[in-house]
Amino acid sequence: MEVAVQLQMAMRSQSIPVPSLSWLRELVQSRRPQPLAPLMATARTRLLASDLTTEGLLDDEYVAAHTLATATAGGGRNNNFTVEVKEMKLRQDVVVQVLDVENVTRSRWEQVEELEAIKRGEQTKGREMIRLPVGDGDDELGDDAATQRLSTQGDAAAAVAATATPKNATHKLVLQDSEGRKVYALELQRIERIAVGKLNIGEKILLKTGTTVARGVILLEPAHCLMLGGKVEAWHRTWLDGRLAGLREGVGADRQQ
């Protein structure tokens, strides 16, 4: 059996989106011959670092069956994601990607300070300053080495962000499915992975069957939310610069009042 077909069959049993055969064939051809397990790991890493709406990335049948529109079974692009529908549940699992995250329990100035620290590659933990590794250089690394570096960096950021984010924090997110639909999401219960400086832009989240949608907003709870990881690097940098600029403008307007 063709290696790309074996990969696709194996990935169908996981909680991640199913890539197209053409995408998998291109991946296999770009790699030296190796066992299925390492290829699976590479495919998963690259998939989670990709834009889910990219043409040709995902299997057409998967996209048709795993969107927010089909999960709410209302038909049409605008179906049940409206303030007129008080509450409903997703009828199937849907994988989405993060476009925006905001801690709505922090002031604009506190958010500016937090994002400036992240942009410098720094976070404070008590009185100790922890500098996180930043910069480019993955192009010179192999897939395994690059993945390990990103994992180490992510673990360091996660450990510090967990300390800096209060347990009673509430975050608002903008999520997008593979069809391109964008929706708001709000933490109904605290999810440790969701925090500014910890959650990546482009990161993938599995919204499980039974997830609540209230007035067009997805309510996030640990029992119905599986963090898959990933990051779209270009999006993350653009988001950080744009969010900082917007917050600084807002802080300036507040001070003039």
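Residues numbered from 1 in each chain as written. Predicted model: local features only at pLDDT ≥ 70, side-chain atom pairs only at ≥ 80, totals over all residues. Heavy atoms only, no water.

Trainee: Quick one: what's the story with the overall build of the protein chain, residue by residue and with numbers?
Mentor: Across its full length, the protein chain holds eight helices and 10 strands. Out of the 257 residues in the protein chain, the part that is buried amounts to 42%. Long-range contacts, defined as pairs at least 24 residues apart, comprise 70% of the intrachain contacts of the protein chain with a sequence gap of at least 6. (Helix = DSSP H or I, 4+ residues; strand = E, 2+ residues; numbered from the N terminus. Buried < 20%, exposed > 50% of the residue type's maximum accessible area, 1.4 Å probe, protein only. Contact = heavy atoms within 4.5 Å.)

Trainee: A description of helix α2 (residues 21-29) should follow, citing residues and the corresponding values.
Mentor: Listed in full, the buried residues belonging to α2 are Trp23, Leu24 and Leu27. With its buried residues spanning 95° around the axis, α2 presents them on a single face. Turned more than 90 degrees away from the buried face of α2, the exposed residues are Glu26 and Gln29. Those residues of α2 that are buried lie in contact with α1 (3-12) and α3 (36-48). (Arc of directions from axis to C-beta.)

Trainee: Break down the environment of Lys172 for me, citing the residues and quoting the values.
Mentor: Within the fold, Lys172 resides in strand β5 (residues 171-176). Residue class for Lys172 comes out partly exposed when judged on its relative accessible area of 33%. Placed 67 residues apart in sequence, Lys172 and Thr105 show a C-alpha to C-alpha distance of 9.8 Å.

Trainee: Report on the nonpolar core, specifying residues and quantitative values.
Mentor: Grouped together as the largest cluster of nonpolar side chains are 31 residues, with contacts concentrated most on Leu173, Ile218 and Leu220. Where this core is concerned, the elements lending two or more residues are α5 (68-72), β2 (94-103), α6 (108-120), β5, β6 (182-187), β7 (204-207), β9 (217-220) and α8 (233-256). Discounting residues that sit within four places of it in the chain, Leu220 has contacts with Leu173, Ala185, Leu186, Glu187, Leu188, Gln189, Ile191, Ile194, Leu207 and Cys225. Listed in part, the 20 residues of the second largest apolar core include Leu7, Met11, Leu24 and Leu228. (Core = buried A, V, L, I, M, F, W, Y, C linked by side-chain atoms within 4.5 Å.)

Trainee: Pulling in residues and values, what's your account of unusual backbone geometry?
Mentor: A negative phi holds for most residues other than glycine; trans holds for most peptide bonds. In this structure, Arg215 takes a positive phi of about 55° despite not being glycine. You can see Arg215 is positioned in the loop between β8 (212-214) and β9.

Trainee: Explain the pairing of β2 to me, and be specific about the residues and the numbers.
Mentor: Of all 10 residues that make up β2, eight are buried, and the element is covered over most of its length. As paired strands, β2 and β7 are joined by four bridges and run antiparallel to one another. Counted as the bridge partner of Val96 is Ile205 from β7. Pairing geometry for β2 and β5, over six bridges, is antiparallel. Considered in β5, the bridge of Gln97 is made with Gln176. (Pairing = 2+ DSSP bridges.)

Trainee: I'd like a description of the sheet that holds strand β10 (residues 225-229), backed by residues and values.
Mentor: Spatially, β1-β8-β9-β6-β5-β2-β7-β10 is the arrangement adopted by the eight strands of the open sheet, whose pairing is mixed. Pairing within the sheet leaves two strands with one partner each, and these edge strands are β1 (88-89) and β10. Looking at chain direction, β1 and β8 are connected through two bridges and run antiparallel. For Lys89, the partnering residue across the bridge sits in β8 and is Thr212.

Trainee: Can you break down the environment of Ala117 residue by residue, with the values?
Mentor: Residue placement: Ala117 occurs in helix α6. According to the relative accessible area criterion, Ala117 is buried, its value standing at 10%. Each C-alpha atom, one on Ala117 and one on Gly197, is 9.2 Å from the other, the two residues being 80 residues apart in sequence.

Take it as geometry only, folks, not as evidence of what the structure does.
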